[in-house]
Amino acid sequence: MILAIDIGNTTVALGGIRDGRVCFVAHMDTVRTRTAAEYRAEMEKVFSHRRHPEKPIRFEGAVLTSVVPQITGALAECARHYTGKKPVIVSPDIRTGLTMGVPDPHAVGKDRLVDAAYAAANFPLPVVTVDLGTATTFTHVSDKGVVDSGVITTGIRAGAAALWGDT
């Protein structure tokens, strides 16, 4: 099983992937001041609440994506603890089959890269991805597999709070 870690602004999502299927998904709060040891303690709680906690999870490797650089290292350390291997950290430098056609590829959120790569591998191009997280993002992949534009806007919760508070 592969351990997938998606570090977002509000939530850290953990997933187990085996043979291309998602076996489990769990969430922890994103806390920018937590250490690797503190995140590992949270992960232990998450893993112990599975249906079959008596069967320890065995991870063969890990992939990590993050939009919160302050805690990327701590969670990469956790991934290494559970797998014994350095995790693959998503960046514009990994091979996805896509070409980055934006001025600064490293400024594109890693969550958007994953969305674009998945969409390009599973849907006809061109395609636009929409990710509804803390922020709402739109990413365009051209018919030639080029990530060439996108938009980041207010997330649903923040938008609803502003609408409620200002109207």
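See the structure shown above.
A. Fine view of the overall build of the protein. When its secondary structure is counted, the protein shows four helices and nine strands. Listing the helices and strands of the protein from first to last along the sequence gives β-β-β-α-β-α-β-β-α-β-β-β-α. Since a compact globule built from 167 residues should have a radius of gyration of about 15 Å, the 17 Å found for the protein is in line with a globular shape. In terms of its C-alpha atoms, the protein occupies a principal-axis envelope of roughly 45 × 45 × 30 Å. Across the 167 residues in the protein, those meeting the buried criterion constitute 38%.

B. Summary view of the nonpolar core. One finds L3, I5, M43, F47 and L75 to be the most contacted residues of the largest nonpolar core, which totals 24 residues. Elements that contribute at least two residues to this core include exactly β1 (2-7), β2 (11-18), β3 (21-29), α1 (36-48), β4 (61-66) and α2 (69-83). Counting seven residues, the second-largest nonpolar core is a separate cluster that includes L98, A117, A119 and V141.

C. Inspection of the sheet that holds strand β8 (residues 135-141) at higher detail. Pairing within the open sheet is mixed, and its four strands lie in the order β6-β9-β8-β7. The outermost strands of the open sheet, each flanked by one partner alone, are β6 (99-100) and β7 (127-132). Note that β8 and strand β9 (residues 146-154) share seven bridges and pair antiparallel. For A135, the partnering residue across the bridge sits in β9 and is T154.

D. Focus on the packing of aromatic side chains. According to the stated counting rule, one finds five aromatic pairs in the structure shown. Ring centres of F24 and F59 lie 6.5 Å apart, and the angle between their planes is 55°; this geometry places the pair in the tilted category. With F24 in strand β3 and F59 in the loop between α1 and β4, the pair connects residues that are 35 residues apart, well separated along the chain. Note on F24: relative accessible area 14%, which makes it buried. Taking relative accessible area as the criterion, F59 reaches 8% and is therefore assigned buried. Considering the side-chain rings of F47 and F59, the 5.7 Å spacing of their centres and the 45° angle between planes classify their relative orientation as tilted.

E. A look at unusual backbone geometry. Of the consecutive residues L125 and P126, the connecting peptide bond is found in the cis state with omega at 0°. For P126, the location among the structural elements is in the loop between α3 (110-122) and β7.

F. Highlighting α1. With 13 residues, α1 should reach 18 Å at 1.5 Å per residue; the first-to-last C-alpha distance of 18 Å fits that figure. In this structure, the buried side of α1 is in contact with β1, β2, β3 and α2.

G. Quick peek at the sheet that holds β3. Within the open sheet, the five strands sit side by side as β3-β2-β1-β4-β5. Their pairing is mixed. Edge positions in the open sheet fall to β3 and β5 (88-89), since each of these has one partner strand only. In this sheet, β2 lies alongside β1 in antiparallel orientation, the contact comprising six bridges. The partner of I7 across the bridge, within β2, is V12.

Conventions and cut-offs
Counting starts from 1 at the beginning of each chain's written sequence and moves along it residue by residue. Only residues with pLDDT of at least 70 get local features here, since the model is predicted, and only at 80 or more are side-chain atom pairs given and counted; chain-wide, interface and lining totals rely on the full set of residues. Note that water and hydrogens are dropped before the side-chain values are worked out from all heavy atoms of the structure. Each helix corresponds to a stretch of at least 4 residues labelled H or I by DSSP, and each strand to a stretch of at least 2 residues labelled E; elements are numbered beginning at the N terminus. Each radius of gyration is computed over the set of C-alpha atoms, and the globule rule expresses the reference value as 2.2 Å times the number of residues to the power 0.38. Any residue under 20% of the maximum accessible area for its type is buried, any over 50% is exposed, and the rest in between are partly exposed; the area is computed with a 1.4 Å probe on protein chains only. Buried Ala, Val, Leu, Ile, Met, Phe, Trp, Tyr and Cys residues that are joined via side-chain atoms within 4.5 Å together make up what is termed a nonpolar core. Pairing between strands requires that DSSP locate at least two bridges from one strand to the other. Ring pairs are drawn from Phe, Tyr and Trp, using the six-membered ring of Trp, whenever the two centres fall within 6.5 Å, and their geometry is named by plane angle: stacked under 30 degrees, edge-to-face over 60, tilted for the rest. To estimate the expected span of a helix, subtract one from its residue number and multiply by 1.5 Å. Contact between two residues is taken to exist if any of their heavy atoms lie within 4.5 Å; hydrogens are not considered.

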